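Per-entry structural report
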Amino acid sequence: MTNSEDEKSYSLVNFFVFDTSRNFPEDEEYKSIVYYYPKDTSKDSQMKEIGRTAAILKFSQTFGTSGSCHSLHTRKTRQYFNEPEPGFCMAMVINLNKIKKIKSNKVTLYQTVKLPTVPIDNDIETHDKVFNSLLVHSYHMFRLFMGTMTSALKVSDQPEEELEQLKLRAAYFYSKHLQMMPLEDADLADAFLGIQFLPMDKLSFLKVRSLVSHVEQTFPCITSTTVLYQDQIVWTGLCQDDVQLIYNYLTTKLFPASITLNTETRFLTGPADVHGLSSEMRIPHVFLNQSQTVPDECQLIVYRVAGVTMCLFISASIELDHEFFVSLDLTLGPRIVALSADVAEQALVRKTASSLNTGTDSIRFLYFNQWNMAFKSTLHQSIPGHRRVLQCQPSANNDVIKTCADLCEDFSSFGDGEIVVKTKSDAWVLGKLSNKRHLYVVVTRKNAELVDICDEVRRLRNILFKDILLLE
Amino acid sequence: MSRTTIETTEASFLLQLSQTAIHFEPVTKITNVFYDEVTRQVFTVRSGGATGVNVKGPRMKNPINFRVEDKGAVLSIKFSPDQQILAIQRTSKSVEFQNFSNQVPDGVEYSQPCRGSSTVIVGFVWVSNTDFILITNQGIEHYQVVPEKRCLRAVKNHSIQSNWFVYCPLSGLLLVSSGPLGTSLQPYLFKNHQLLRLTKFEVDIPNPPQPARLCLVERDVTPTMLYNQMVVLVLKHPIKPNSTVGRETPASGNSEIVVYTLCKDAPPRKTHVLQLETSGKLAVSILDNLIIVHHQASKTSSIFDINLTGESDGRVMTLHPFLASVTIRPYFLNIPASAAMLNHEPSQMSCELYSPNWVFFQSNIIIDALLGCLWSLELVLTPLIDMVDNPCELFDFLLQRTESKSTVMALLSRLMCYSHSVGADVPVLGRVFDKLNEAYRNHLDIEIQSQIAMPAGAFQLSTGSSSRRPNVVIDQTDVYSRILSPMTESKPMDETHDRFIVAVVNEYIRSLVQYHIPVQHFIYEVLIEAFARLGQFYQLHQLFQYHAVADSKPLACLLLSLESVYPAAYQLAVDMLKRISNANEEIVEILLSKNKVLSALRFARDTIPVESISARKFLEAAQNSQDPSVFYGVYQYFQQRNRRVRGSLAFLKGEHCEVYIRHFKLLFGDGDCSTSLTDSLSMG
C-alpha cells in the first residue's frame, strides 16, 4: 500500500439520497431526505446541501444537452450527482486535501496522434469517471441487495410513510457500504469494475461447464450458477450487469470476510455448519435481471471447496431446508474436489507462463474489454481476499494510473485510437482503444525513445494479445 | 457388476435359432449322424454308407450325396476343408481316405494305420486341406496327405498319453487331455503347416478322487477365440456334497467357468472366473465374442462378456452374467403339408427348446439329433434398448458387438428422450459419450495409420488390444443427424429443453475434446443456436473466450449474423477470423463495411502483400465515408505504393481507379496537395 497517512488525498464530506418527486410542506422538507451521511449533521445543514444540489441540477438542466450534471468542481471539493431512478437523487461531496503533496505529480503530455489537448485540471487530478463510478456503483449495489428504491415505497396517503421503508433500507445498506468505499485509492480499475477470468484450457473449462449442467439438472431450483477459482471467474450463468456486481461483492466483501472462517466451512452463505442440525442460516437475497420489469429476487448460496467457489442462485420463493444443503454438499463436494486439482494445475501453469511472458517490472499493462467485462492488470497486484494494490515503483504509482485514467477519458470523447504519453516520473504510457477494448501499457525504462516503446508494446501484443484483433 | 434380468415378453428374446434350420435324417438303428466342427457339416450315414451318405451344412449351398462301400460301422467321417478328400474311421487302428472330384468319390480307398501295435485312435482332425492330425492314446501324429499318390506322408509325431482332445478351427488350437485325471491339458498350435507344442497347463480340481479316475471331460473344455485372444474355457462342476473330505466345497455349490488365456510367450494363465449361479447340465456357445451358457434344467441361458469389468483380485477377474435368465425365442417347425392335413393340426409345430436331445457344438451350433435339425444360435440386440437403468455398462456391452450400431443409436436417442422422466443425468451421458468417442478415436487412429501405410508388421505391433478396430463407430455426423438434429426439431421449444440441449452438446464436445477429436462446426452450431434461443449470449461469449469453440469461417459468419442481437458477437467474429490464418481478406471486408477505412487499410498493409491490395475497393470505401481527409489519406497511400512497387504514382488501367482520380482532383485539385487538403478540410 503506497498511500501512507500524509498522502491521503481525498475524504468524504457527505453522501446523501433524497426524494425529488414528493411535495412536503415547507417546514417539513427534511422528510424528503432518504439517507444522509454523516449522521450527526444538523437538519439545517442537511437541508442546505440538498437544496443546493437540487438547485445545481435544476440549473444545469437549462443548458442540458444530454441529461443533467454529473459533477461540480470547486477549489476544495468535488461534487458528484446521480439520478438513479425517477424521483430520486443521490450525491456525494469529496474534499481535496494535501494539495501541495499532490502537486508534484503533475504530468506532462507527449502526444503522438492528433489529439485535443488533455486539460490539466488546475493543480490536482481527480477523475470524474472514477468517482462518478463509485457513486453509481453504490446505487447498483443497493439495488442488488435491496431492490430498486421504487420497490421499497409503500402505498400511503402520507408521503412520509411512503418513504419510511426505503429510509430504513438505505440506512441499513449505506452505513456499511460507505465504510468500505475505496475513496483514497480508487483508480481506473474501479471505474471499469471489470471481471477477472481465470485463464484455462478448453477441456478444463468444458469440465466446469459439465459440472454446472450436472448441478443444475440435479437441483432444478437453481436458476443460475457462477463458478470461481480463488478470485477469478471461470463460468457465470448471470447476465453481464449482474455478474459485475456479484463479482465485486464476492471479491471485495464476502471473500475477505471469510478469510477468518474455519477451512472446513464450505457454505460461505447458507448454513454455518452443514453437519449440525440446528445451525442457523444466513442467505443473502439479491435482485437480478434489473432490465426486466420485475427483477428476480434470488437467494445466493456460496459454496467453496478447495479454492473453487460455486455461487448458486435460487428463487427467493423456494424454501431451502437443511436437507437441501446436505444433498448439495454431497453432490458438489466430491466433484469439485476432483475438478479443483485440474483447475489448480492450470492456474499454476498459466501463472508461470504469463510471468515469463511479461517478464520484467519495466513493462506492465492494464486491459479491459467492455464487451465481456474482462479485466486484467499487471499494474495491480491481486491478493486473494484483499483489495488489489498498485504495484509500480511507489513514486510512479499515482502518476501512471492517473495518466491511464486521463487517456481513458480522452478515448471516451474521441473514440478508437492510440495515444502515447510520457509522464513526469519518466514512464511511458501507451493507451489504446480498439472496438471497446482498452489497453494501457506502462513502460518504465531509462532513456527510452518512442520507437523503443512502440517496439516493446508490439512485442507485448504479439505475446499476450495474439489471439485477438487489436487494430492499429 | 449388477446383474440384469429381462422379462420374457414377446419382444424381448435376446437369443434365437436361425430361421432356416438344416434338416437331416434323424438318428435311427441304421442311420448314424456325425457332425464336423471344422467344416460345420452334418453327415448322415445310412447302413455304413452303402445306401448313401448325405452331407449338409450351413456353409454349403447344396448337399452332397454319395455312396461308399459298407466295410463296417463308421466311427467318424470328415471331409477335408476343401471337400476334396474324405476321411472315414471304421476301426480303432486306421483311417481310410477317398479322393473326391466334383463331389463324387473316385471309389479308391487308401488307408493310414496309426503307429504301434497297442495304439488306439482317439480321433482325427483336418487342420488344413492336406494336413491331417491323428490323435491316438500314445501321441499326436501329423500327416501330409498326398491325394495324387493316394498316400500320407508322416510329418511329425508328438508322444503323449492322451485321454481325449478338442480342436478349435478358428485358432488352430488342439488341446489334448492327459494324465490319469485328465486335468493336464497340452495345447498344440497348428500354424503354417506345422504343429507347435505350447506350454502345458493343469486344471486344478479341488478334491481329486481316490483312486484317480478321469474327472475332466471333453465336453467341459472349450478352446475358442475371444476378442482375438486364444482362450480355453473349462466348465467346473460343484463338488458333490457326498465327497468325504469336502473342506473346499464351494459354499454356493454352483458351477463356474474358468477362462485360461493363452499368451504368445507365456504359459496359459487363469484370467477369468465366470460365476454361473446355477449347476446341472450346462453347455457353452460362443457368439460374437460372448460366452453363452445354457442351462438345461431351467431352460435359460446366461450371457458373459469377458471385456466387461468384474471383481478383480489383481490376477483373476470374477464375472457375473451380464444378462441372466435369457431364453431362446420359441421356434416353430414347419410340418410337411400332408402330415398336417391328416392330423388336422396347424402346419407349424413348436419345437422344444433346451431339449435333452440337443447337442451344442462350437461355436454356436445346436443340433437336435432326434428331430434332425441343425441351427446356429443368433443374438438379437434390439430388446436391450429397454434396459436403460445402467446405460454405461450397456454401451460397454453394445460397443463390443458387431452389427450393433442401430441399437446403439436407438439407445442413445432413447437416453436423450428419457432425460425428463427417467433422468439420464449429465454425468451418465458424459460417460456414454466418452465410450462412443473412445471407439471413434481408435477408428480415427487406425484410419490415419492405414493412410501412412506402414509395413504390415509394424501395424500389427501398434494395434494392441486397446486400439482394436472398433465394431461400432458413432461419428459426429451420426450424433448430429440422429440425435441432436431431431432434438432441436421435434419437441416444443421451451427453456428446460434448450437448457438440456446445451448440457448435452456441451458434454459431447467435452468428450470429443478429451479424446482429441476435432469438433465439427455443425455440432457447435447446435450449441450456439440453443444459447441464442435462451438469450444467454454472455454465456455463449464465455464459451468463445475459452476457445471451447474451435475457430472456423462458418462459425465466424454465424457470429456476425448474431451481431444485431448481441453486438459483442462482432468482436468475437473478427477475433476468430484473425486466428484463422487465411481470413485477412474477410477482416478487411468487415472493417470496410463498418466504415473503418483507415483501420482496414492499416490492417491490410500489415497482413496482405502490398501489391495485391485492391486500391479500388479502398478508394470506393473512402469516397463513401464522406470524409475528405480519409479519402486523401487512402489516395496518398496508394500513390506511394504505386511508386514503390512500380516506380510511378499512376494507377494501372486494370485497377479501374479513374473515377477516384477524378474525385481526388475534384476535392483537392491537381496542384499542391497539402494546400488543397487544408482548404477542403476547412470546408468539410
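How each quantity is defined
- Residues numbered from 1 in each chain as written.
- Chains lettered and ligands numbered in written order.
- Predicted model: local features only at pLDDT ≥ 70, side-chain atom pairs only at ≥ 80, totals over all residues.
- Heavy atoms only, no water.
- UniProt positions renumbered as here; feature names shortened; annotations may be inferred.
- pLDDT = per-residue confidence, 0-100.
- Contact = heavy atoms within 4.5 Å.
- Salt bridge = Lys/Arg side-chain N within 4 Å of Asp/Glu carboxyl O.
- Helix = DSSP H or I, 4+ residues; strand = E, 2+ residues; numbered from the N terminus.
- Pairing = 2+ DSSP bridges.
- Axes fitted to C-alpha atoms, helices over the stretch in contact; angles between N-to-C directions.
- Buried area = accessible area lost by both parts, 1.4 Å probe.
- Polar contact = N/O pair within 3.5 Å; in protein donor to acceptor, adjacent residues only side chain to side chain.
- Parallel < 35°, antiparallel > 145°, perpendicular 65-115°, else oblique.
- Left-handed = near helix turned anticlockwise from the far one by under 90°.
- Core = buried A, V, L, I, M, F, W, Y, C linked by side-chain atoms within 4.5 Å.
- Buried < 20%, exposed > 50% of the residue type's maximum accessible area, 1.4 Å probe, protein only.
- Phe/Tyr/Trp six-rings, centres within 6.5 Å; stacked < 30°, edge-to-face > 60°.

- Under the annotation held in an unreviewed UniProt entry, chain A carries the name CCZ1/INTU/HSP4 first Longin domain-containing protein and is attributed to Daphnia pulex.
- Here chain A is described in UniProt, under the heading Sequence similarities (unreviewed entry), as follows: "Belongs to the CCZ1 family."

**Re the confidence of the model for chain B**
Residue and element names in this part refer to chain B.
- Mean pLDDT over chain B works out to 84, with 88% of the residues at or above the 70 mark.
- Under a pLDDT of 50 for its full length, residues 457-466 has, in the predicted model, seven contacts with residues more than four places off or in other chains.
- Quick note on the complex model: pTM equals 0.83, ipTM equals 0.86.

**Describing the pattern of salt bridges**
Residue and element names in this part refer to chain B.
- Applying the stated criterion across every chain, the model contains 34 salt bridges over all chains.
- The shortest N-O distance in the salt bridge between E589 and K617 comes to 2.8 Å. Taken together, the positions of E589 in helix α12 (residues 584-593) and K617 in helix α14 (residues 615-624) put the pair 28 residues apart, joining distant regions of the chain.
- When salt bridges that share partners are traced, they join K71, R90, E96 and E109 into one network.

**Quick look at unusual backbone geometry**
- In the segment running from Y37 of chain A into P38 of chain A, the intervening peptide bond is cis, with an omega of 0°.
- In this fold, P38 of chain A is placed in the loop between β2 (33-37) and α1 (43-63).
- Between Q362 of chain B and the following residue, S363 of chain B, the backbone shows a cis peptide bond with an omega angle of -5°.
- Within the element layout of this structure, S363 of chain B appears in the loop between β33 (358-361) and β34 (365-368).
- A positive phi is found at S325 of chain B, a non-glycine position, where the angle reads about 55°.
- The phi angle at H547 of chain B is positive, at roughly 55°, despite the residue not being glycine.
- Inspection of the secondary structure assignment puts H547 of chain B in the loop between α9 (537-545) and α10 (553-561).

**Some details on the sheet that holds strand β1 (residues 10-19) of chain A**
Residue and element names in this part refer to chain A.
- Across the sheet, which stays open at both edges, the five strands sit in the order β2-β1-β5-β4-β3 with antiparallel pairing between neighbours. What marks the edges here is a single partner per strand, and that holds for β2 and β3 (71-73). Strand-to-strand, the axes of this sheet are offset by a mean angle of 15°, without reference to chain direction.
- Across nine bridges, the pairing between β1 and strand β5 (residues 88-96) is antiparallel. Bridging across to β5, F16 finds its partner in A91.
- Together, β1, β2 and β5 form the strand contacts of helix α4 (residues 159-180), whose direction differs from that of β2 by roughly 20°.

**Thoughts on the interface of chain B and chain A**
- On the chain A side, the residues contacting the 40 residues of chain B number 42 residues.
- Buried area between chain B and chain A, both sides added, is near 3400 Å², and the carbon and sulfur share of it is 56%.
- It is Y538, Y546 and Q571 of chain B in chain B that bury the most area against chain A; as a group they hold 22% of the surface buried on that side.
- Linking chain B with chain A are three salt bridges, by the criterion used here.
- Where R437 of chain A meets D575 of chain B, a salt bridge forms, and the shortest distance between an N and an O atom there is 2.4 Å.
- Taken together, chain B and chain A are joined by 18 residue pairs in polar contact (both at pLDDT 80 or more).
- The greatest single-element share of the side of chain B that touches chain A, amounting to 10 residues, is contributed by helix α7 (residues 495-514) of chain B.

**Here's the deal with the environment of S593 of chain B**
Residue and element names in this part refer to chain B.
- Within the element layout of this structure, S593 appears in helix α12.
- A sequence separation of 28 residues divides S593 from A621, and the C-alpha atoms of the two residues are 8.2 Å apart.
- One polar contact links the side chain of S593 to the main-chain carbonyl oxygen of I590, over a distance of 2.6 Å.

**As for the confidence of the model for chain A**
All names here are of chain A.
- In the predicted model, chain A carries a mean pLDDT of 81, and the fraction of residues at 70 or more is 86%.
- The secondary structure element of chain A with the lowest average pLDDT is helix α2 (residues 99-103), at 41, and the one with the highest is strand β12 (residues 308-315), at 93.
- Note that residues 1-7 has pLDDT below 50 and, in this model, 12 contacts with residues that lie over four places away or in other chains.
- Residue range residues 99-123 is modelled with pLDDT below 50. Its contacts to residues more than four positions away, or to other chains, number 45 contacts.

**A few points about the packing of helix α2 (residues 391-399) of chain B against helix α4 (residues 426-452) of chain B**
Residue and element names in this part refer to chain B.
- Two elements in contact, α2 and α4, have axes whose closest approach is 9 Å; the angle formed by their N-to-C orientations is 15°. Compared by their axis directions, α2 and α4 come out roughly parallel. Two packed elements cross with a definite hand, and for α2 against α4 that hand is right-handed. Between α2, through P391, C392, F395, D396 and L399, and α4, the contact on the second element is made entirely by V428, R431, V432, K435 and L436.

**Let's talk about the nonpolar core**
- Residues F15, M92 and Y174 of chain A together with F397 and F618 of chain B are the most contacted members of the largest nonpolar core, which totals 243 residues.
- The biggest single contributor to this core is helix α3 (residues 128-146) of chain A, with 10 residues.
- Ignoring anything within four residues of it in the chain, the contact list for F15 of chain A reads Y35, Y36, Y37, M90, A91, M92, L135, S138, Y174, L178 and M181 of chain A.
- Of all hydrophobic cores here, the second largest spans 18 residues; its members include V231, L233, L282 and I286 of chain B.

**Describing the packing of aromatic side chains**
Residue and element names in this part refer to chain B.
- In total, this model carries 49 aromatic pairs over all chains according to the counting rule given.
- Ring geometry for Y331 versus W375: centroids 5.4 Å apart, planes at 75°, classification edge-to-face. A residue pair is termed long-range when its members are at least 10 positions apart, and Y331 in strand β31 (residues 331-334) and W375 in strand β35 (residues 373-379) qualify at 44 residues. In this pair, the class of Y331 matches that of W375, namely buried.
- Put simply, the rings of F631, Y632, Y635, F651, F664 and F668 touch in pairs and so form one group of aromatic residues.

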